[in-house]
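Chains, contacts and geometry: an overview
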Amino acid sequence: MLSTHVVAGLLVAGQVSAEEVKPSDSSLETTTILASKFANPVDKTVSSVSVVSGEEIDTKQQTRLVDALNDLAGVQALSIAGQTGAPGTLIVRGLPTKYNQVIVDGVKLGSGLNPVNTFLAASQTNQLSSLEILRGPQSVLYGADAAGGVVGLNTRLGANEPSFSLMGEVGSFNSYRLSAASQGQIQDLQYAIEVGGL
């Protein structure tokens, strides 16, 4: 008899805690800035754009930018012979790297004369808050180098008390990955920094 009451009590407690954790209806809409250079909800823009949050990338355990880009429709990201750190290629809607633009926190990287091949191959996703891809010709907004599309990388901002983390991985073929990170806010200064090696 005692075990029946304990089980019933646990079931009631489980139901109460499940009700307390209901998701709120006031969730934020996914927005894009790349499509028009203004914040717009993704579902209300006429451009072909995809936005992936940093949490989604972390959940999929995609540590390299090339892997995260390959999950997006109309995009093919490669590194020579699949080697990490080898020059990379970004193909959006069939157009090679020199016809695509990469923007990090609103700052344009590279140009047709100085493509972003090395950046693509060596970049990690650890400090990304979101990844956006704007497919199709965007020359009006981003210049002649954006005939294929634009990749937007938004980095994380620090918040709250400073915190630190260390990470290490070891694999076959003498492969390893190490990183040390810190994020936080000190008065008006928000920071998020990570140092690592492959």
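Summarised in this report is the structure supplied together with it.

1. A closer look at the overall build of the chain
For the chain, the count of helices and strands is 5 helices and 12 strands. Scored against the burial criterion, the 198 residues of the chain give a buried share of 30%. Residue pairs at least 24 apart in sequence account for 50% of intrachain contacts in the chain once pairs closer than 6 positions are excluded. Carbon and sulfur atoms make up 59% of the accessible area of the chain, which totals about 12400 Å².

2. Brief notes about the sheet that holds strand 11 (residues 176–186)
An order of 10-11-12 is seen for the 3 strands of this open sheet, with the pairing classed as antiparallel. The open sheet terminates on both sides in strands that have one partner only, identified here as strand 10 (163–170) and strand 12 (189–197). Adjacent strand axes in the sheet meet at a mean angle of 10 degrees, parallel and antiparallel pairs treated alike. When strand 11 meets strand 12, the two strands line up antiparallel, connected through 9 bridges. Counterpart to Gln185 in the pairing with strand 12 is Gln190.

3. Quick word on the side chain of Ser179
Topologically, Ser179 is positioned in strand 11. Assessed through its relative accessible area of 11%, Ser179 is described here as buried. At 3.1 Å, the side chain of Ser179 and the side chain of Glu194 are in polar contact. Once you skip the residues sitting within four places of it in the chain, Ser179 turns out to touch Ser165, Leu166, Met167, Glu194, Val195 and Gly196.

4. Quick word on the pairing of strand 10
Of all 8 residues that make up strand 10, 0 are buried, and the element is exposed over most of its length. Judged from the 8 bridges that link them, strand 10 and strand 11 form a sheet pairing that is antiparallel. Among the inter-strand pairings, Ser163 is bridged to a residue of strand 11, identified as Gln183. Taken together, strand 10 and the strand that follows it, strand 11, pair antiparallel across an intervening segment of 5 residues, in which Phe173 is found at a positive phi of about 60 degrees.

Rules and cut-offs
Residues numbered from 1 in each chain as written. Predicted model: local features only at pLDDT ≥ 70, side-chain atom pairs only at ≥ 80, totals over all residues. Heavy atoms only, no water. Helix = DSSP H or I, 4+ residues; strand = E, 2+ residues; numbered from the N terminus. Buried < 20%, exposed > 50% of the residue type's maximum accessible area, 1.4 Å probe, protein only. Contact = heavy atoms within 4.5 Å. Areas by Shrake-Rupley, 256 points an atom, 1.4 Å probe, with all protein chains shown as cover. Pairing = 2+ DSSP bridges. Axes fitted to C-alpha atoms, helices over the stretch in contact; angles between N-to-C directions. Polar contact = N/O pair within 3.5 Å; in protein donor to acceptor, adjacent residues only side chain to side chain.

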